[in-house]
Every structure is written in C-alpha cells, then in structure tokens.
Amino acid sequence: MKISKLFHIHLFVFGFLYYLILPLFIALTEGFIGYPGMHHVYKYFNAEIIFPYTIWVIILLLSFLAGSLLPLKYTSIAPNSKEIKTDWVIGTRDINLISIPFFLFGQYTIISNSDNLFKGYQVDYDTDFMGSIATLNMLFLFFLLYNKGKQKKDLTSYKISELYLIGSILEFSAVLLGLGSRMYIMVPLISYIIYLLDNRKISVKKLIIRLSIIILLLLAIGIWRLGDTDFSVDALLYIGVAEPVFTWISAESMFSMNSLPLLAFPNNFITSFINFIPTILFPSKAEYINELTIQYDSPLGATNVLVSLMGNFGLLGSCIALFFLGFFLTCIRIQNTSLFIKTYYYCICGILPFQLFRDNISIVNKMLFYNFYIFPFIFIFVEKFITNKYFKKDENNS
C-alpha cells in the first residue's frame, strides 16, 4: 500500500501543524496583539517552555507516524480492492427505513429549539441540543458514505436516497453553523472529501478551488459570530488562526504550571466511555466523568490535545497512546474489503485534523467508537438479523 493512501497520516500532520506548531509561531512573533482574546495567549507564554515543548511534540508526532507505518511491513492488501464483502451490506431501502425515525426526531428537536437558531454566540445555546443534532449529523454521514459504497442495483432509488441523506446532512449542518459550531460540520465535509479522493471522483485542482471557497465562507462566518468586527484581510487571518491559538492556551499553560509526569493513570479516559450512554437515558452522566487533575487554564473553552494526552497518560504514556492510535488507524485502512470498515475509516478521518486536536477526550471517544462504529453497527446488525430471520421463515413455508 502506498503511504499516500494512508489519509489519516496527512490529516494528522495537518492538525499537528495547525494546532501545535502555528500557535507557537504566532506567540513567538507576537502576532495579532490587540485582537479579542489574544492577551490570554501571552499571559502564560514564556521562553522556558519552548525547548521542552518542541522536543515533546516532535516525539509525539514520530510516535504516531511509527505506529501508522508499522502495519505496512506485514500486509500486502491493496488499498482499492473491488471485492467488498456482502454478508453485512444492507440495501438502500433499509437505510432509508432505519434513518427516517432519526430524521423525524431531528425535526422535532430543531422545532423545539427554534428560538436559539442562527444567533451565533450572541445567546447561550443548549449543549444537549447541539449534541443531539451533531450526533444525527454523524449518523447520516455514515449512512451516506455506506450507501455510496454499495453496488447500485436500482439507480432511481439510489438517487432519491442520496438526495434525502445529503439534504438531511445539509440541514443539520446549517443548524450547527447557526449555533456557532464550525467544527462539527467539518467532520462530514472532510470525510466526504476523503471518500472522493480515495475513489478518484475529484481532481486535486477542483478540490483546491472548492476548498478555498469553503474556507473563505467559514472564515466569514467566524467574523459574523463576533458580531462587532469589520471584514478585512487582517480580520480573516485572525479568524483563521484564532481557533488553534485559543485552543493552544490550555497547552502552554499546562507546560508553564506543571512538572509533567512520564506516566499517569487515565481516569478521565476510562470514565469518558460513560459519555456513550445517551443523554436521554442518563441526563447526569457528565457528573460521573472524572475531570483531569493536571493544572491548566482554558479561558475560551477548548482543550488542546496535549492536555488530554498528558493529563491521562503522561509524557511517555502519550507517546504510546499515539503509537497505538496510528497503528489502529492503519489496520482499519488496510481492511478494505469490508464496506462497514471502509465507511468507518472515511468517517473517523473527518475527526483527525480538527476535532481530535481541540475537543476533550470524552467527545473524541464518543465520535470515534460510538457515533461511527457502535451506533451504526447496532442498527445494521438488527436489520440483518430481522431480514435473515424472516427470509429463512419464508423459505421454510415455501
């Protein structure tokens, strides 16, 4: 397999540069002084953290790359195998039937929270509302990519289903944008791009043009969210770097405020799996997820991936964790004959460049294992179980 087909490496390296290297460069050059929130960046920055910070982030990157490349020594599976296992492939009609109740639930949730729509950060939004819509968006993303990977027996039915699934994703994404959340809509966008690239359905030239337009649109939305900032080149650049720089505050403050351990027990990581339980069944689940004990400051909300790693595993433990993450992603990638696993790979690629580097570990775990694996698998398993049961019953009766 060519390394160029290991899309998770490229996406992780982009996130590494964007969230861990770019903020350090901005801090060193004292960029955007006077812009909203930038005083928090320079509050904790000091020259003493530069050397240890640089050394450890490079070691972490090398650990991820080593884990990602190791499986290639022991596999000869081609990355674009046409032989898809059909044992667990469900039809377009069944995908629609499974998804319709969730679509209706989404409409009810949106209507119930209509007062908070399209107001950016000017109002306090309901986190449960945003979480519900984000989860639905991820589920419909999985169904869309899964449906596109199947053989098209009935082209008309497939086209109608595709329009329905894309329309649902666009609606949920618009709602999330209206709540001020750009990150959650980046996941389906990136996942779909990876699908197009992997199946050679778009040229690099067209992709660059379209991405440039999308990036400008997202930056403009970022300025709109601020409410009182004029449009200008400086403002666009500031919005472009504000996300990783403000997220990085938690990392720089952690290096300044702590003597970091080599190893740590991952209480926060282990209890974060409680987040898999739906809020409607366990409304107080957040109270049972252990907080990170490491000291850091996050005045603007986001938590840098370094805080999640160091707080759960320590310096050396973080290297091991990223090694196994890279190993896991490559193993998923080379299992290319299963449509479910192939779809799962596309979906988790959407998490890597942004959400992995800026959300707390309970959210990342839920996206990685629940929204994109357990949740879709349960419905596909139930559907196949019912189908096989009644199919065998009809065969016996005949």
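Note that this is a predicted model, so its numbers are computed, not measured.

(A) Representation of a nonpolar patch on the surface in the model. Side chains of Tyr373, Ile374, Phe377, Ile378, Phe381, Val382 and Phe385 sit close together on the surface and give an oily, nonpolar patch of about 600 Å² of accessible area. Checked against the element boundaries, valine 382 lands in helix α14 (residues 361-397). The partly exposed category is assigned to valine 382, whose relative accessible area is 39%.

(B) Quick peek at helix α5 (residues 127-149). Taking 1.5 Å per residue as the helical rise, α5 with its 23 residues ought to reach 33 Å, and the 33 Å between its terminal C-alpha atoms agrees with that figure. Counting buried positions over the 23 residues of α5 gives 18, a clear majority of the element.

(C) Layout of the environment of alanine 27. One can find alanine 27 in helix α1 (residues 7-29). The residues touching alanine 27, leaving out its near neighbours within four places in the chain, are Val41, Tyr42, Phe45 and Trp248.

(D) Structural context of the nonpolar core. Grouped together as the largest cluster of nonpolar side chains are 114 residues, with contacts concentrated most on Leu306 and Phe372. In terms of residue count, α5 provides more of this core than any other element does, 14 residues in total. Not counting residues up to four positions away in its chain, the partners in contact with leucine 306 are Leu20, Tyr53, Val57, Leu60, Ala251, Met254, Phe255 and Gly311.

(E) Structural detail: the packing of helix α7 (residues 183-198) against helix α12 (residues 339-349). It is at 7 Å that the axes of α7 and α12 come closest, and there the two elements cross at 130°. The orientation of α7 with respect to α12, classified from their angle, is oblique. Along this stretch, α7 crosses α12, giving a crossing that reads as right-handed. Touching Val187, Ile190, Ser191, Ile194, Tyr195 and Asp198 of α7 are Lys342, Tyr346, Cys347 and Cys349, all from α12. Across the contact of α7 with α12, the residue classes break down as seven nonpolar, one polar and two charged.

(F) Region of the structure containing the packing of aromatic side chains. Enumeration over the complete set of coordinates arrives at 36 aromatic pairs. Taken together, a centroid distance of 5.7 Å and an interplanar angle of 70° make the contact between phenylalanine 103 and tyrosine 164 edge-to-face. Taken together, the residues phenylalanine 103 in helix α4 (residues 92-112) and tyrosine 164 in helix α6 (residues 155-178) connect sequence positions 61 residues apart. When its relative accessible area of 23% is taken as the criterion, phenylalanine 103 is described as partly exposed. When the centroid spacing of 6.1 Å and the interplanar angle of 20° are considered together, the rings of phenylalanine 142 and tyrosine 146 count as stacked. Of the two residues, phenylalanine 142 and tyrosine 146 both sit in helix α5, four residues apart, roughly one turn of that helix. Through a chain of ring-to-ring contacts, the aromatic side chains of Phe102, Phe269, Phe273, Phe276, Phe313, Phe328, Phe369, Tyr370 and Phe375 assemble into a single cluster.

Criteria and thresholds
Residues numbered from 1 in each chain as written. Predicted model: local features only at pLDDT ≥ 70, side-chain atom pairs only at ≥ 80, totals over all residues. Heavy atoms only, no water. Patch = residues over 30% accessible without salt bridge, like charges linked within 9 Å, V, L, I, M, F, W, Y side chains within 5 Å. Areas by Shrake-Rupley, 256 points an atom, 1.4 Å probe, with all protein chains shown as cover. Salt bridge = Lys/Arg side-chain N within 4 Å of Asp/Glu carboxyl O. Helix = DSSP H or I, 4+ residues; strand = E, 2+ residues; numbered from the N terminus. Buried < 20%, exposed > 50% of the residue type's maximum accessible area, 1.4 Å probe, protein only. Expected span 1.5 Å × (residues − 1). Contact = heavy atoms within 4.5 Å. Core = buried A, V, L, I, M, F, W, Y, C linked by side-chain atoms within 4.5 Å. Axes fitted to C-alpha atoms, helices over the stretch in contact; angles between N-to-C directions. Parallel < 35°, antiparallel > 145°, perpendicular 65-115°, else oblique. Left-handed = near helix turned anticlockwise from the far one by under 90°. Nonpolar A, V, L, I, M, F, W, Y, C, P; charged D, E, K, R; others polar. Phe/Tyr/Trp six-rings, centres within 6.5 Å; stacked < 30°, edge-to-face > 60°.

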